[in-house]
Amino acid sequence: MILISEFSCGELSVQVDQQEGEETMKFKIRVKGDLHVGGLMLKLVEKIKAPQNWSDHALWWEQKNCWLLKNHWTLDKYGVQADADLRFTPQHKPLCLQLPNMKTIKLTITFSSVVFKAVEEICKALNIRRSEELSLLRPPDDPKKKKKKDKGKGQAEDDIIDMDTISGVAGNSLYSKTMTATYDPENGTPASATSLWFGDNPLTASQPNIPAEELAKMYLPLSMEDKAVINAGWLDSSRSLMEQGVQENDKLLLRFKYHCFFDLNPKYDAVRITQLYEQARWAILLEEIECTEEEMLMFASLQYHICKLTMSTKPVDLSDEPEIDEVEAALSHLETTLEGRSTDRILEDITDIPKLEDTLKLYRPKRLLRTFKEYWFVFRDTSISYYKNKESANGEPIEQLHLRGCEVVPDVNVTEKKFGIKLLLPVADGMNEVYIRCDHETQYAKWKAACILASKGKTMAYSSYNTEVKNIQSFLQMKSLAPPPGQAAPDVESMEMNAECFVSPRYAKRYKNKQLSTRILEAHHNISQLTLMEAKLRFIQAWQSLPEFGIKYYIVRFKGCKKDEILGISYNRLIRIDMSTRLPLTTWRFSNMKQWNVNWEIRQVTIEFDQNVSVAFSCQSCDCRVVHEYIGGYIFLSTRSKDQNETLDEELFRKLTGGQE
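Below is a short write-up of the structure. As a convention, each chain's residues are numbered from 1 in the sequence order in which they are written. Local features in this predicted model are restricted to residues of pLDDT 70 or higher, and side-chain atom pairs are both shown and tallied only at a pLDDT of 80 or more, whereas totals for entire chains, interfaces and linings draw on every residue. Here the side-chain values reflect all heavy atoms present in the structure, with hydrogen atoms and water set aside.

**Quick word on the overall build of the protein chain**
Then, in step 1: Numbering of helices and strands starts at the N terminus; helices are DSSP runs of H or I of at least 4 residues and strands are runs of E of at least 2. From N to C terminus, the protein chain includes 19 helices and 24 strands.
Then, in step 2: Only protein chains enter the area calculation, which uses a 1.4 Å probe; residues under 20% of their type maximum are buried, those over 50% are exposed, and those in between are partly exposed. Going through the 661 residues of the protein chain one by one, you find that 53% of them count as buried.
Then, in step 3: The long-range share in the protein chain, meaning contacts at least 24 apart out of those at least 6 apart in sequence, stands at 65%.
Then, in step 4: Within the structure as shown, the protein chain displays about 31400 Å² of accessible surface, and the carbon and sulfur contribution to it stands at 49%. Residue contacts follow a heavy-atom distance rule, with two residues in contact if any of their heavy atoms lie within 4.5 Å. Exposure was quantified through the Shrake-Rupley algorithm and a 1.4 Å probe, taking into account, for residues, occlusion by the shown protein chains and nothing else.

Spelled out as structure tokens, the structure:
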């Protein structure tokens, strides 16, 4: 190793990247250790003698895999030796991005910025608010594509939309600096509608469903282990693209990473809502998330409806969309946040907490009780007590179920009039299963809403209870596949679309095309009056209602255990899952978390919860940074509020997600 001292000269090798199509140049420059980075770049430009604007160029140190961006730092301070290979390269480079709608765009972005800022830059160019909810994911390896790599490359180039060419200004894309939205200082929403300051945006239009044959080629059944491998591909938000091996024209996936969608507003979020809908649609079609046959047909009917409206000649007028207050009232849980904040804190009457009482059926798989049996149930605070009958309700209950921290899973088939609730109750050695069966939709909606709130430590006195009941009833109505009494059978010929492209390939095999068309049209009757934006929001709402919504899986090994297990990370909880049975063992909620940290030497994550509960695990399917960032990211997003305007505390995000090695 040859050192460059303050008093002696050393010779540095610097490669200069030219514009595309031009050859790279290499230079040897004699420097001293006290020369600052800015001085080195000045010497280099003087030596190049090319009439070009070099202001976007910066120095990249290959061996150390880092940018030298602090121009006032000396070479000594950076630790640059004479044998260092430096590269003088543009900070802005083109990147290929596959959007949630599966369309690929090419966009020039800053490769020297940390990924958090790069995603913010991308979202600003595409007019997607709340960039903190998105991130960049490496595409999973596809062995089929490797065999046809050369053949497929040319085809892929034809399908890429060059956003820089469309805008005429590199990096600005659909965004115009002279038409920047102004924000209301009180509620943080843009003062003018999307359509006014962005004009016609092609990213607001939903993509037509691809033919069933093409969908079948993309479909690949995924196990939890497969999903864990894919989820390992999230880029580190606190490091730049080049520091993570991303090169010019590489392809990455832009996806909604954190499933808590804050402040969705149809007036300003046309692109965001459409891309959310598209991510949800592909998750359903490719079965990245599980749903029942009844739910699949409901999603199919919504897709069919959205396709019909998108293909109609009538242009979408965002000014006709309801105000945000109306949307929030109808679809309040689209604005999902972590427990412990948001309007749910407003109690209707703290002195009078409502209770539910009714006759329900109970089934406990691990007990001697093998069938459903009727009991008198009383739901009070966050607990359910059940008695032999109504008359004995003044005495001691047979059992009291404490719902705080439990999992609430729907067990419903509207067509068969089955309205069940599966509760997974946390106990010392895992989770206890309890099944509750209701008689009808109204009863089910009230009890399930109460269970959902209780699992978060909230009672029916919270203002969101009635809204939750209405959401559940609306969801059940959409799932109803039976046509209303007296209605004629649907005309299959009127569909004019291949029904198989609206369901996953596995479900398409179960029906003939005519049967599938009939069932989709029957379900379509319940949602046929929805506007395009309402239909997309309903689809997102239904996606959020699925038991697996937002859960990302990782393979971990808990401290003291000899076998690997699955860790599920959701927007509000961590779930320990048995790898062989696929059943949840324990759930820990973020609202009960006291602190978490990472031992970077042994790559172990340790989390402390209330009641002296502590868990520690090492990550087997990914670097522990990925899991650490997921947890910290959700904690960070829980701090958002409407009075923040659009500005986020980036320093807080780095503290919560970056960690120190």
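Now that the structure has been shown, the text picks up again.
**As for the pattern of salt bridges**
Then, in step 1: Take a side-chain nitrogen of Lys or Arg and a carboxyl oxygen of Asp or Glu: if they are within 4 Å of each other, that pair is a salt bridge. According to the stated counting rule, one finds 32 salt bridges in the structure shown.
Then, in step 2: With a closest N to O distance of 3.7 Å, Glu62 and Arg87 form a salt bridge. Taken together, the positions of Glu62 in the loop between strand S3 (57-61) and strand S4 (66-68) and Arg87 in strand S5 (residues 85-90) put the pair 25 residues apart, joining distant regions of the chain.
Then, in step 3: Residue classification places Glu62 among the partly exposed positions, given a relative accessible area of 39%.
Then, in step 4: A salt bridge links Lys117 to Glu120; the nearest nitrogen and oxygen atoms lie 2.9 Å apart. On the criterion of helical spacing, the pair formed by Lys117 and Glu120 is a turn pair, its members being three residues apart in helix H3 (residues 115-126).
Then, in step 5: Where salt bridges share partners, they join Arg129, Arg130, Glu132, Glu133, Asp263, Asp269, Arg272 and Arg640 into one cluster.

**Notes on the sheet that holds strand S21 (residues 584-589)**
Then, in step 1: Spatial ordering of the open sheet is given by S21-S20-S19-S18-S24-S23-S22, a layout of seven strands whose pairing is antiparallel. At either margin of the open sheet sits one strand with a lone partner, and together these are S21 and strand S22 (593-599). Strand-to-strand twist of the sheet, defined as the mean angle between neighbouring strand axes without regard to direction, takes the value 30°.
Then, in step 2: Pairing of strand S20 (residues 573-577) with S21, which is carried by five bridges, proceeds in the antiparallel orientation. Bridged to Arg573 within S21 is Arg589.
Then, in step 3: Here the axes come from fitting lines to C-alpha atoms, over the contacting stretch only for helices, and the angles between their N-to-C directions go from 0 to 180 degrees. This element, helix H9 (residues 224-231), spans strand S18 (552-558), strand S19 (565-569) and S20 of the sheet and lies at about 100° to S18. In short, DSSP must find at least two bridges between two strands for them to pair.

**With respect to the sheet that holds strand S9 (residues 161-162)**
Then, in step 1: Read across the open sheet, the five strands follow the order S8-S10-S6-S7-S9; overall the sheet is mixed. The open sheet has two edge strands with one neighbour each: strand S8 (134-137) and S9.
Then, in step 2: Judged from the two bridges that link them, strand S7 (residues 104-110) and S9 form a sheet pairing that is parallel. Within S9, the residue paired with Lys106 across the bridge is Asp162.
Then, in step 3: With respect to the sheet, H3 is in contact with strand S6 (92-98), S7, S8 and strand S10 (251-256), its orientation differing from that of S7 by roughly 125°.

**Structural notes on helix H10 (residues 270-285)**
Then, in step 1: By definition here, a helix of n residues has an expected span of 1.5 Å times n minus one. Helix length check: H10 (16 residues) gives 22 Å between terminal C-alpha atoms against 22 Å at 1.5 Å per residue, within 8%.
Then, in step 2: Glu287 sits one or two residues past H10 and shows a positive phi near 55°.

**Considerations on the packing of H10 against helix H11 (residues 293-311)**
Then, in step 1: With their axes 11 Å apart at the nearest point, H10 and H11 run at an angle of 135° to one another. As the angle between them shows, H10 and H11 are arranged oblique. The hand of the H10/H11 crossing is left-handed. Here Tyr277, Arg281, Ile284 and Leu285 of H10 lie close against H11, whose contacting residues are Met296, Phe299, Gln303 and Ile306. Throughout, the term roughly parallel applies to angles under 35 degrees, roughly antiparallel to angles over 145, roughly perpendicular to angles from 65 to 115, and oblique to all others. By the definition used in this description, the sense in which the near helix is turned from the far one sets the handedness, with an anticlockwise turn below a right angle giving left-handed and a clockwise turn giving right-handed.

**A word on the environment of Glu133**
Then, in step 1: Here Glu133 is to be found in the loop between H3 and S8.
Then, in step 2: On the basis of relative accessible area, Glu133 is assigned to the buried category, the value being 0%.
Then, in step 3: Separated by 13 residues in the primary sequence, Glu133 and Glu120 have C-alpha atoms spaced 9.9 Å apart.
Then, in step 4: Filtering out sequence-adjacent residues up to four positions away, Glu133 remains in contact with Arg255, Phe256, Lys257, Tyr258, Cys260, Phe261, Phe262, Arg272 and Arg640.
Then, in step 5: Among the polar contacts listed, one links the side chain of Glu133 to the side chain of Arg272, at a separation of 3.1 Å. What qualifies as a polar contact is a pair of N or O atoms within 3.5 Å, subject to a donor-acceptor requirement within protein and to the restriction that residues adjacent in sequence count only when both atoms come from side chains.

**Quick notes on the pairing of strand S13 (residues 383-387)**
Then, in step 1: The buried count for S13 comes to five of five residues, which makes it a mostly enclosed element.
Then, in step 2: Neither face of S13 is exposed, since Ser383, Ser385 and Tyr387 on one face and Ile384 and Tyr386 on the opposite face are all buried.
Then, in step 3: For strand S12 (residues 373-380) and S13, the ladder comprises five bridges, and the chain directions are antiparallel. Bridged to Arg380 within S13 is Ser383.

**So, the nonpolar core**
Then, in step 1: Ranked by internal contacts, the top residues of the largest apolar core, which has 73 residues, are Leu126, Leu136, Leu241 and Trp543.
Then, in step 2: Of the residues forming this core, the biggest block, nine residues, is contributed by H11.
Then, in step 3: Residues in contact with Leu241, not counting those within four places in the same chain, are Leu95, Ile109, Thr110, Phe111, Ser113, Val115, Leu136, Leu235, Val246 and Leu252.
Then, in step 4: Nonpolar cores were defined as sets of buried Ala, Val, Leu, Ile, Met, Phe, Trp, Tyr and Cys residues, with membership established by side-chain atoms within 4.5 Å. If you look at the next biggest cluster of nonpolar residues, it comprises 38 residues, including Trp234, Cys260, Tyr571 and Met593.

**Quick look at the pairing of strand S23 (residues 604-609)**
Side-chain positions along a regular strand alternate between the two faces of the sheet.
Then, in step 1: Among the six residues that make up S23, five are buried, leaving the element largely enclosed by the rest of the structure.
Then, in step 2: Note: S22 against S23, six bridges, orientation antiparallel. Bridging across to S23, Gln595 finds its partner in Glu608.
Then, in step 3: Two successive antiparallel strands, S22 and S23, enclose a turn made up of four residues, where Arg603 displays a positive phi of approximately 55°.

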